[in-house]
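Tertiary structure, described
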Amino acid sequence: MSQQPLFFDDLHIGDQFRSGTHELKAEDIKRFASEFDPQPFHLDDEAARATIFGGLAASGWHTAAITMRLLVTGGPRLANGIIGAGGEVEWKTPARPGDVLHVESEIVELIPSRSRLDRGVAVLRSKTLNQRGEVVQITTAKLMATRRTSAQA
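An account of the accompanying structure is given in this report. Residue positions are counted from 1 within each chain, in the order its sequence is given. Only residues with pLDDT of at least 70 are given local features in this predicted model, and only at 80 or more are side-chain atom pairs given and counted; all residues enter the totals for whole chains, interfaces and linings. Side-chain measures were taken over the full set of non-hydrogen atoms in the model, leaving aside hydrogen atoms and water.

Helix numbering and strand numbering both begin at the N terminus, where a helix is a DSSP run of H or I of at least 4 residues and a strand a DSSP run of E of at least 2. Counting its secondary structure elements, the protein chain contains five helices and five strands. Going residue by residue from the N terminus, the α and β elements of the protein chain occur as β-α-α-α-α-β-β-β-β-α. Principal axes of the C-alpha set define a box for the protein chain whose edges measure 60 × 30 × 20 Å. We call two residues in contact when some of their heavy atoms are within 4.5 Å. Partitioning the intrachain contacts of the protein chain with sequence separation of at least 6 by distance along the chain shows that 69% fall at a separation of at least 24.

Shown next as structure tokens:
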């Protein structure tokens, strides 16, 4: 589905977006962890069983990276891309091998810049869910969004 680029002026509080899906595989969890978060509960099935997770779990940063990918490919198609200006990440439940993740997002706030009239900030609250509907991550991101008026000037 071809979606036109969205400018700050096109966005409304309550706009919703739903991404495609991403299947999480054990080998991907281990590969990401070996490079970026080398802890036993992300690297080794047996060692992970003896931890608070009770089994292999994806790094929260891996989940965040998957969320970003899903937002870029299925979230709001902002005219200048998804450019972060801050935010908050909450990990609610571990993502596990075999989970099929998707992201549901909503515009919760729009803040026009007072000093840079060519842009504003769109606050996007995104829930990353598994195939059982369990929330694995909540991200509240402040995204820079170009104003349509500046793009046409």
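Next comes the rest of the description.
For the rest of this paragraph, the subject is a nonpolar patch on the surface. Within this analysis, patches are made of residues with over 30% relative accessible area and no salt bridge. Like charges are joined at 9 Å or less; nonpolar side chains (Val, Leu, Ile, Met, Phe, Trp, Tyr) at 5 Å or less. Each accessible area value is a Shrake-Rupley result obtained with a 1.4 Å probe; residue values ignore everything except the protein chains displayed when judging cover. Any Lys or Arg side-chain nitrogen found within 4 Å of a carboxyl oxygen on Asp or Glu counts as a salt bridge. A surface patch of nonpolar side chains, about 320 Å² in accessible area, is lined by W61, V89 and W91. Among the secondary structure elements, W91 is positioned in strand β2 (residues 83-91).

The nonpolar side chains of a soluble globular protein tend to be buried with one another. Counting residues in each nonpolar core, the largest one holds 23 residues, and the members touching the most others are L11, L24, I107, L124 and L143. Listed by contribution, the elements that provide at least two residues to this core are α4 (60-74), β3 (100-112), β4 (119-129) and β5 (135-146). For our purposes a nonpolar core is just a set of buried Ala, Val, Leu, Ile, Met, Phe, Trp, Tyr and Cys residues, chained together by side-chain atoms within 4.5 Å. Exposure is judged per residue with a 1.4 Å probe applied to protein chains only, and the accessible area is read against the type maximum: over 50% gives exposed, under 20% gives buried, and values in between give partly exposed.

Helix span is expected to be 1.5 Å times the residue number reduced by one. For α4, spanning 15 residues, the distance from its first C-alpha to its last is 20 Å, which sits close to the expected 21 Å at 1.5 Å a residue. All buried positions along α4 are accounted for by G60, H62, T63, A64, I66, T67, L70 and L71. Those residues of α4 that are buried lie in contact with β1 (16-23), α1 (26-36), β2, β3, β4 and β5. A distance of 3.1 Å separates the backbone nitrogen of W61 from a side-chain oxygen at the start of α4, and that oxygen is part of S59. Here a polar contact means two N or O atoms within 3.5 Å. Within protein one must be a hydrogen donor candidate and the other an acceptor candidate, and residues neighboring in sequence count only if both atoms are side-chain atoms.

The next subject is the sheet that holds β1. Ordered in space as β1-β3-β4-β5-β2, the five strands form an open sheet in which the pairing is antiparallel. Two strands lie at the open edges of the sheet, namely β1 and β2, each paired on one side alone. Ignoring strand direction, the axes of neighbouring strands in this sheet form an average angle of 20°. Following DSSP output, two strands are said to pair if at least two bridges run between them. Relative to β3, β1 is paired through six bridges, and the arrangement is antiparallel. Directly across from F17, in β3, lies its bridge partner S105. Helix axes use the C-alpha atoms of the stretch in contact, all axes being lines fitted to C-alpha atoms, and the angles between their N-to-C directions lie in the range 0 to 180 degrees.

Here the focus is the side chain of D37. Following the sequence through the fold, D37 ends up in the loop between α1 and α2 (40-43). When charges are counted, Lys and Arg are positive and Asp and Glu negative, with His and the chain ends excluded. It turns out D37 is buried and unbridged, and the closest side chain with the opposite charge, R96, is 13 Å from it. At 2.6 Å, the side chain of D37 and the side chain of Q39 are in polar contact. Of note is the side chain of D37, whose polar atom sits 2.7 Å from the side chain of S59.

This paragraph deals with the environment of P97. Structurally, the position occupied by P97 is in the loop between β2 and β3. Ignoring sequence-local partners within four residues, the contact set of P97 consists of L24, A26, I29 and L56.

Here we take up the side chain of S59. Tracing the backbone through its elements, the reader meets S59 in the loop between α3 (45-49) and α4. A distance of 3.1 Å separates the side chain of S59 from the backbone nitrogen of W61, its partner in a polar contact.

We now examine the pairing of β3. For β3 and β4, the ladder comprises ten bridges, and the chain directions are antiparallel. When the bridges of β4 are listed, E109 appears paired with V123. Taken together, β3 and the strand that follows it, β4, pair antiparallel across an intervening segment of six residues.

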